[in-house]
Amino acid sequence: MMNKIKELLKRQYTKSEALGILLSIAAVGFVIDILLRRFSVLLLALAIFLIITGYQQFKQKNTFTAYFLIAIGSSFLLFTLFTSFSFSLLVATLVIYYSYQLFRSSAHKSNINVNIQPNPMGTRPYVQVDPYFKNKLVGEYRHFEQDYAIEDINLQTGFGDVQIDLSDRIIPQGETVVLIRGMVGNIYLNVPSDVGLSVQLSLLCGKITLLEDGKTAFNVTQKYQSVDYQETSRKIKIVISLFVGDIEVKHR
């Protein structure tokens, strides 16, 4: 039995397999919640009703009412989920799995020596290079350092604001990609005005400001692109995905 459990913990799962396992565990926990009467169906229904009503208020341009209803509905929804046995079971499963993976990787940690000698087959050696921008789960991310050549940015945040100024950077020839994904917070980007710009935004709830145009957004995916983007020799492609917050991309 223990060997079987170890085999399951050691295995690397695909996204589909992991999602299926988590859904199965959540279903088991949901059944236990119902049997123990720990799950409030009425509170869940109320939360969904408030969120849907808030979405309808957005369509009618009642921004304050929409934010208020969505905030209350989301609070009820989170309270219902966080106090359920199903959520506790999911968290316990993830903690056990990743703790075992961390212990296993630490126990087998070893130094990797890279041989830089030419390979007769024509393949090239590779070494790990630390990225200039690193992920943060909680906290603000501010970067205004000047005079460095920008590289592709792949940044993922949890809760907190992100502020990055690219207006005084050295933009190389070709296309530079800026990918930022966040959960809750605001994302502010300053970009130079003399390069081609492509911006693709995905936002559930908040406000989008592109250059000088600002508007409230709810569950939108939009793309903007300068008219000469394809012909421009130096260009920046920005892809931002945010759950709740404001997105602002401006020329400085």
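Read on for a plain summary of the structure. Given the structure is predicted, the values throughout are model-derived calculations rather than measurements.

1. Observations concerning helix α4 (residues 63-82)
Because an α-helix packs 3.6 residues into every turn, residues spaced three or four apart end up facing the same way. Over its 20 residues, α4 extends 28 Å from the first C-alpha to the last, a length consistent with the 28 Å expected when each residue adds 1.5 Å. Looking at α4, one finds that the buried residues are Ala66, Leu69, Ile70, Gly73 and Thr80. Buried residues along α4 cover an arc of 95° about the axis, so they all sit on one side. Opposite the buried face of α4, at more than 90 degrees from it, the exposed residues are Phe64 and Phe79.

2. Topic: the layout of surface pockets
Computed from the structure, the second largest pocket encloses a volume of approximately 400 Å³. Of all the elements in the fold, those that place two or more residues in the lining of the second largest pocket are α4, β7 (196-210) and β9 (234-251). For the lining of the second largest pocket, the residue count by class is 13 nonpolar, 2 polar and no charged.

3. Quick notes on the packing of aromatic side chains
Applying the stated criterion across every chain yields a total of 0 aromatic pairs. Lying across the ring of tyrosine 229, lysine 235 places its NZ or CZ 5.0 Å from the centre.

4. A short note on the side chain of serine 198
Counting through the fold element by element, serine 198 comes out in strand β7. According to the relative accessible area criterion, serine 198 is buried, its value standing at 3%.

5. Description of the nonpolar core
Ile180, Ile238 and Ile240 are the most contacted members of the largest nonpolar core, which totals 27 residues. Elements supplying a minimum of two residues to this core: β3 (153-159), β4 (162-165), β5 (174-184), β6 (187-191), β7, β8 (213-225) and β9. Discounting residues that sit within four places of it in the chain, isoleucine 180 has contacts with Leu155, Val162, Ile164, Ile187, Leu189, Val239, Ile240 and Ser241.

6. Some remarks on unusual backbone geometry
One non-glycine residue, asparagine 219, adopts positive backbone phi at about 55°. Of note, asparagine 219 is situated in strand β8. When its relative accessible area of 54% is taken as the criterion, asparagine 219 is described as exposed.

7. Side note on the environment of valine 28
Assignment of secondary structure puts valine 28 in helix α2 (residues 15-36). What makes valine 28 partly exposed here is its relative accessible area of 45%. The spacing of valine 28 and leucine 89 is 61 residues in sequence and 8.9 Å in space, taken between C-alpha atoms.

Conventions and cut-offs
- Residues numbered from 1 in each chain as written.
- Predicted model: local features only at pLDDT ≥ 70, side-chain atom pairs only at ≥ 80, totals over all residues.
- Heavy atoms only, no water.
- Helix = DSSP H or I, 4+ residues; strand = E, 2+ residues; numbered from the N terminus.
- Expected span 1.5 Å × (residues − 1).
- Buried < 20%, exposed > 50% of the residue type's maximum accessible area, 1.4 Å probe, protein only.
- Arc of directions from axis to C-beta.
- 1 Å grid on protein atoms, 1.4 Å probe; cavity = no way out; pocket = protein on both sides within 12 Å on 5 of 7 lines; lining within 4 Å.
- Points joined across faces, edges and corners; volume = space filled by probe spheres on them.
- Nonpolar A, V, L, I, M, F, W, Y, C, P; charged D, E, K, R; others polar.
- Phe/Tyr/Trp six-rings, centres within 6.5 Å; stacked < 30°, edge-to-face > 60°.
- Lys NZ or Arg CZ within 6 Å of the ring centre and 35° of its normal.
- Core = buried A, V, L, I, M, F, W, Y, C linked by side-chain atoms within 4.5 Å.
- Contact = heavy atoms within 4.5 Å.

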